[in-house]
Amino acid sequence: MKYFEIRNSLNVKEIGKYPQVETAKNNCHIWDDPKFIERFEFDRIDSEVITSNAILHKRAKITDLVSAYIIGFSLKLLMSSKLKNILEQHSNSKFQFFRAPTIYKNEYYENYWIMHSHTFSFNYIDFEKSNFVLRKRKLGGGTFLENIEIRTIDEFKKVLNCDLKSKRIKFFCNNVILKSTIGEDFFSLRHVSGGFKHFVSEKLKVEIDKQNCTGIEFIPQPIN
């Protein structure tokens, strides 16, 4: 089966302006309140959570997937109820959805949600075919990338768990090759270039397209 990465659309004709979100109305002290959604990072949330209200740029258009790259939406997807209802049916408890009313031209759109990822499907990576790097510090300042061989998921987890803070800034996969034996229609990966990626099967892509969801770009993924 074919798989696609979900990305925010860059088509200005469709979205009006990129990114669509200009600022946000925060509903708590974002640096101190332990209930603020940014405090949970990639952990499952089993308590009350406080979200922000995204404020779209006046030239933006409101779409089902909205590009938001500000505090309150870090490494998360902002989406309409229509898209959320489709994805939630295939989430397999790996994602949580929290209501996040969105402001567009001074009007509140209540049917918007933040998708929070807390479980990642590293077992779907073909480690022998994918490429991994360490971003290390140079003695004179700056950084450089160094390739590192990773052949199994255990080796991958070992590098993640190693205390290499004095030698590197970041470890990630910069060229993900997926296995051909994936048994899900929707899953996520982190520790990849860009921080994280969300993937859907061709079957789920067709379903999303049939519902005319806007603001989405589907990038075909290499599969071994």
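Note that the structure is predicted; figures quoted are calculated from it, not measured. (Residues numbered from 1 in each chain as written. Predicted model: local features only at pLDDT ≥ 70, side-chain atom pairs only at ≥ 80, totals over all residues. Heavy atoms only, no water.)

## Quick notes on the nonpolar core
The biggest cluster of nonpolar side chains holds 22 residues, and the ones touching the most others in it are V21, I37, F73 and L78. With sequence-adjacent residues up to four places away left out, L78 is seen in contact with V21, A54, D64, L65, V66, A68, F73, A100, T102, Y112, W113 and I114. One finds F132, V176, L189 and F199 within the second-largest nonpolar core, a separate group that totals 21 residues. (Core = buried A, V, L, I, M, F, W, Y, C linked by side-chain atoms within 4.5 Å. Buried < 20%, exposed > 50% of the residue type's maximum accessible area, 1.4 Å probe, protein only. Contact = heavy atoms within 4.5 Å.)

## Here's the deal with the environment of I15
Within the fold, I15 resides in helix α1 (residues 12–15). Among the residues examined, I15 registers a relative accessible area of 0% and is labelled buried. (Helix = DSSP H or I, 4+ residues; strand = E, 2+ residues; numbered from the N terminus.)

## Quick notes on the packing of aromatic side chains
Applying the stated criterion across every chain, the model contains 15 aromatic pairs. Relative to F122, the ring of F120 lies with its centre 6.4 Å away and its plane at 25°, an arrangement referred to as stacked. Neither residue differs from the other here; F120 and F122 are each classed as buried. Taken together, F42, F120, F122, F127, F132, F156 and F171 form an aromatic cluster joined through their ring pairs. Of note, K84 hangs over the ring of W113, and the distance from its end group to the ring centre comes to 4.1 Å. The ring centre of F218 lies 5.2 Å from the NZ or CZ of K205, which sits over that ring. (Phe/Tyr/Trp six-rings, centres within 6.5 Å; stacked < 30°, edge-to-face > 60°. Lys NZ or Arg CZ within 6 Å of the ring centre and 35° of its normal.)

## Some words on the sheet that holds strand β6 (residues 95–99)
Across the sheet, which stays open at both edges, the four strands sit in the order β4-β5-β9-β6 with antiparallel pairing between neighbours. Taken across any chain shown, the strands that pair with only one partner, and hence form the sheet edges, are β4 (65–66) and β6. Note that β4 and strand β5 (residues 77–80) share two bridges and pair antiparallel. Counted as the bridge partner of V66 is L78 from β5. Together, β4, β5, β6 and β9 (112–117) form the strand contacts of helix α2 (residues 81–88), whose direction differs from that of β5 by roughly 110°. (Pairing = 2+ DSSP bridges. Axes fitted to C-alpha atoms, helices over the stretch in contact; angles between N-to-C directions.)

## Notes on the environment of F171
Secondary-structure assignment places F171 in strand β12 (residues 168–175). Note: C-alpha distance between F171 and E146 (25 residues apart in sequence) is 9.6 Å. Setting aside chain neighbours within four positions, we find F171 in contact with F132, V133, L134, I148, I150, F156, V159, L160 and H191.

## What about the sheet that holds strand β15 (residues 216–220)?
In a beta sheet, neighbouring strands are held together by backbone hydrogen bonds and run either parallel or antiparallel to one another. With antiparallel pairing, four strands are arranged side by side in an open sheet as β13-β14-β1-β15. Each edge of the open sheet carries a strand with a single partner, namely β13 (186–190) and β15. The sheet shows a mean angle of 35° between the axes of neighbouring strands, direction not considered. By the bridge criterion, five bridges tie β13 to strand β14 (residues 196–201) in an arrangement that is antiparallel. Each bridged residue has a counterpart across the sheet, and for S188 the counterpart in β14 is H198.

## Digging into a nonpolar patch on the surface
Residues L10, Y18 and Y69 make up a contiguous nonpolar surface patch of roughly 320 Å² in combined accessible area. With respect to the element layout, Y69 can be found in the loop between β4 and β5. (Patch = residues over 30% accessible without salt bridge, like charges linked within 9 Å, V, L, I, M, F, W, Y side chains within 5 Å. Areas by Shrake-Rupley, 256 points an atom, 1.4 Å probe, with all protein chains shown as cover. Salt bridge = Lys/Arg side-chain N within 4 Å of Asp/Glu carboxyl O.)

## Quick word on the pairing of strand β11 (residues 143–148)
Consecutive side chains of a regular strand alternate in pointing toward one face of the sheet and then the other. With six bridges connecting them, strand β10 (residues 131–137) and β11 associate as antiparallel partners. By the bridge assignment, R137 is partnered in β11 with T143. Taking the residues between adjacent antiparallel strands as the criterion, β10 and β11 are bridged by five residues, where G141 takes a positive phi near 110°.

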